[in-house]
Every structure is written in structure tokens, then in C-alpha cells.
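Topology and contacts: notes
Take a look at the letters that make up each chain.
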Amino acid sequence: MTWRWAGARLGGAVLTLFGVTIVVFVVLRAIPGDAITSSLGIESGTLTPAQTQALTLYYGLDKPWYVQFFAWVGQVLRGNLGVSLTSGNTVGSLIGAALPVTVELAVLAAIIGTVIGVLLGTLAGSGPGRARDGVTQGVGLLGLAVPEFVLGILMVAFLAARFDYFPDTSTFVPITTSFSANMSQMLYPALVLAVGFAANVMRTTRSEYVEVAQADFVRTARGKGLAPGRIRFAHILRNAGIPILTVTGIQFGYLLGGTVIIEQIFALPGLGRLLFTAITNHDYPIVQSSVLVVAVAFVLVNLLVDLAYRAVDPRVRQA
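Residues numbered from 1 in each chain as written. Predicted model: local features only at pLDDT ≥ 70, side-chain atom pairs only at ≥ 80, totals over all residues. Heavy atoms only, no water.

On to the overall build of the protein chain. Secondary structure assignment for the protein chain yields 15 helices and 0 strands. Excluding contacts between residues fewer than 6 apart, the proportion of contacts in the protein chain whose partners are at least 24 apart in sequence is 74%. Surface exposure of the protein chain reaches about 17400 Å², of which carbon and sulfur atoms provide 67%. (Helix = DSSP H or I, 4+ residues; strand = E, 2+ residues; numbered from the N terminus. Contact = heavy atoms within 4.5 Å. Areas by Shrake-Rupley, 256 points an atom, 1.4 Å probe, with all protein chains shown as cover.)

The structure is reproduced here in C-alpha cells:
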């Protein structure tokens, strides 16, 4: 049963990634321009017919789109993500430098958002219908309603006005080099991303807390005189953990692909900023490979969440 489950999940993941690659490849080809205009810019207009034909053969643009697609997939499977049309660097090296920044930002935002969301959800769920429940849910709705780019701009404006803080556009400091310098660059954008994350986690936690708190085993625990804190964390939150785990995993997957604007606002050299620049410059190899990397990460996160289900809840393993 375990091998059948694993095979089904892996098969679904492969089909999902294959579908993503097709959609991205076709959509990019529908955008005006091609590899020649992307690499040469306005100078492409000065090419002679012979030069244009030679470059068309070089980039494989003379072949049908499905031939180009499978040629690209074959290169990806061999570990070759191609070469940037604008910088000339390998796409693998560019993504390898940008991906750790995005992953760190997403992990930091997820940790902050999960902690805040669970605490606020527990606070609201432990007193349904009371003032703290209404206030907490109102804050959560506000966090969902305000776009992240608006929060980012407001935070940069506030920090600049009050503390003379401006995003460092010169050099990114890895966390392995200096923890304090890294946090000065990563903490504020992570807080912005954590707002929406925490709001989703809070709403799920509150809903599940209220439902589980009415279960018979919770009434039994109260009847035995167990401490409220033990009932809250060992009985209610533990049994409400599966939906919380679900929304946390899904939101983390979205974070990996949703940092584009925030990385632009806070000048972080992450995958989102690399993708934004590549789209602007019609740098097809970077766009294709970046989207594929995000899709792979999203699929892996969902697989890890499924594995966590089986580890946390014995009922899932039995099913």
C-alpha cells in the first residue's frame, strides 16, 4: 500500500511538472519577440537576411514548437538549463545564486507567519463570540485584504522616515557570513510576507480549534480536571494539526513563487527578482527554468506535507 501510494503521488507530480513546462513554453512563444530580438535588442533590426537566417538556425527557431519543446526538456533532464540571452551566463548558475535568497525569505516568513497565526487562532478560538474573537478575525481579514506590495511600500516609507532605513541595493549578505547583517536585509520583507501567511493560518486554526474544543474527548479531559494549558495544546491543537499543516504547506509553496514584487521592493537578489528581470528582457531560458524550479519546489512541498500527514495522524496511514 505504501509503495502504491508513493507511486501514485510521484506519478501525479511528474504529470503536473510536465503540464507546467508545456504551458510556460507555449505562453512564452505567444509573446511578441524571439530569442534573436531578446539577445540583440534594437540591433536585431540591422541584421542582414543571411545573419537572421544563421541566428534562426542557431537558436533552433526554424523547427516546430513541439520539436523545440522536447529538445529543451531533453537538455533539462541532462542538467543543462541553457544560457541567458542577455548576460551570457549559464541559467543554472544564475538560479543557483538566487534560489537560496528566496528560500531563506520564504522559510523566515513561514516561521513568523505560522507562530503568529497559531497564537492568534488559538486566542480567537478559545473565546468564540467574544470581543477578542471579533478583533482577531478583523485583523485577519485586514491582513488578507491588503496586498503585499502595498504593505511593502508602506513599510519601506515608514522605516525610511523614522529610522533612515533604505533597502540595500549594493550587496546581499548571506546568513552564513553575518547573521545580523543578513537579518537587517531579510527581516522586514519576511514580516510583510508573513502578514497574509499568518492571516490564513489564523483563520484555519480558529475554525479547527472551535470544532475540536466541542469534541467528547475534550469534555472528558476537562472533567478529569486537567490544566487548561494542557488541554489547549496537548488535546485541542494536536488534533487540529492536520488542517493547520495543510494550509501551512500550501502557503509556503505560494511563498516560493510569490516573492517577485517584495524582492523588487526590498532589492533582494532572489529568484523572484531574477524572474521579473528575465520576463522584462524576454530572456526565455531564465523564465522557463525559473518557473520550472518553482513548480518543482511547490510539488516537493506538497509531497512533504503528505508524508507529514502519515507521520502525524495514524488514521491517514491506515487509510
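What follows continues from the structure just given.
With that out of the way, let us pick up the UniProt feature "transmembrane region" (unreviewed entry) in the protein chain. In this structure's numbering, the residues bearing the UniProt feature "transmembrane region" (unreviewed entry) are residues 12-31, 105-127, 139-163, 183-202, 240-266 and 286-309. Taken end to end, residues 139-163 comprises 92% helix and 0% strand; its first and last C-alpha atoms sit 26 Å apart. (UniProt positions renumbered as here; feature names shortened; annotations may be inferred.)

A volume near 230 Å³ is recorded for the second largest pocket. Lining the second largest pocket, in full, are Val14, Leu17, Phe18, Thr21, Trp72, Val73, Val76, Leu77, Leu292 and Val296. Going through the elements one at a time, α1 (2-30), α4 (65-77) and α14 (284-312) are the ones with two or more residues in the lining of the second largest pocket. The residue makeup of the lining of the second largest pocket, split by class, is 9 nonpolar, 1 polar and no charged. (1 Å grid on protein atoms, 1.4 Å probe; cavity = no way out; pocket = protein on both sides within 12 Å on 5 of 7 lines; lining within 4 Å. Points joined across faces, edges and corners; volume = space filled by probe spheres on them. Nonpolar A, V, L, I, M, F, W, Y, C, P; charged D, E, K, R; others polar.)

Another aspect to go through is the packing of aromatic side chains. Throughout the structure, instances matching the rule amount to 7 aromatic pairs. Centre to centre, the rings of Phe69 and Trp72 are 6.4 Å apart; their planes meet at 55°, and the pair counts as tilted. Taken together, the residues span about one helical turn, with Phe69 and Trp72 both in helix α4 at a distance of 3 residues. Of the two residues, Phe69 and Trp72, neither departs from the other in class, the shared state being buried. (Phe/Tyr/Trp six-rings, centres within 6.5 Å; stacked < 30°, edge-to-face > 60°. Buried < 20%, exposed > 50% of the residue type's maximum accessible area, 1.4 Å probe, protein only.)

Take the nonpolar core next. One recurring pattern in soluble globular proteins is that nonpolar side chains are buried together. One finds Met186, Ile236, Phe252, Leu255 and Leu268 to be the most contacted residues of the largest nonpolar core, which totals 37 residues. Listing elements by their share of this core, those giving two or more residues are α5 (91-125), α8 (179-213), α9 (216-223), α10 (228-239), α11 (241-257) and α14. The element that contributes the greatest number of residues to this core is α8, accounting for 11 residues. Membership of the second largest hydrophobic core comes to 21 residues, among which are Phe69, Val91, Ile95 and Val294. (Core = buried A, V, L, I, M, F, W, Y, C linked by side-chain atoms within 4.5 Å.)

Turning next to a nonpolar patch on the surface. Taken together, the side chains of Phe18, Val26, Trp65, Tyr66, Val67 and Phe70 present a nonpolar region at the surface, about 590 Å² in accessible area. Those elements that place two or more of their residues in the nonpolar patch are α1 and α4. Here the nonpolar patch takes 4 residues from α4, the largest share from any one element. Mapped onto the elements, Phe70 comes out in helix α4. (Patch = residues over 30% accessible without salt bridge, like charges linked within 9 Å, V, L, I, M, F, W, Y side chains within 5 Å. Salt bridge = Lys/Arg side-chain N within 4 Å of Asp/Glu carboxyl O.)

Attention shifts here to the packing of α9 against α10. With their axes 11 Å apart at the nearest point, α9 and α10 run at an angle of 175° to one another. Relative to α10, the element α9 is oriented roughly antiparallel. Contacts between α9 and α10 involve Phe217, Val218, Ala221 and Arg222 from the first element and Ile231, His235, Ile236 and Asn239 from the second. Considering only residue class, the contact of α9 with α10 consists of 5 nonpolar, 2 polar and 1 charged. (Axes fitted to C-alpha atoms, helices over the stretch in contact; angles between N-to-C directions. Parallel < 35°, antiparallel > 145°, perpendicular 65-115°, else oblique.)

Further remarks concern helix α6 (residues 131-145). The end-to-end C-alpha separation of α6 is 21 Å, in line with the 21 Å expected for 15 residues at 1.5 Å each. Taken as a whole, α6 has its buried residues at Asp133, Thr136, Gly140 and Gly143. Buried residues of α6 fall within an arc of 95° about the axis and therefore sit on the same side. Residues of α6 that are exposed and point over 90 degrees away from its buried face: Ala131, Val135, Leu142 and Ala145. Its buried side turned inward, α6 meets α5 and α8. (Expected span 1.5 Å × (residues − 1). Arc of directions from axis to C-beta.)

One non-glycine residue, Ala267, adopts positive backbone phi at about 55°. Mapped onto the fold, Ala267 is located in the loop between α12 (260-265) and α13 (271-280). By relative accessible area, which is 9% here, Ala267 ends up buried.

All right, on to the packing of α6 against α8 then. Contact geometry of α6 with α8 gives a least axis separation of 8 Å together with a crossing angle of 140°. Regarding the angle of α6 to α8, the classification is oblique. Where α6 crosses over α8, the two elements pack in a sense that is left-handed. Facing α6, whose interface residues are Asp133, Thr136, Gln137, Gly140, Leu141, Gly143 and Leu144, α8 presents Val195, Gly196, Ala199, Asn200, Met202, Arg203 and Arg206. Taken together, the residues of the contact of α6 with α8 sort by class into 5 nonpolar, 6 polar and 3 charged. (Left-handed = near helix turned anticlockwise from the far one by under 90°.)

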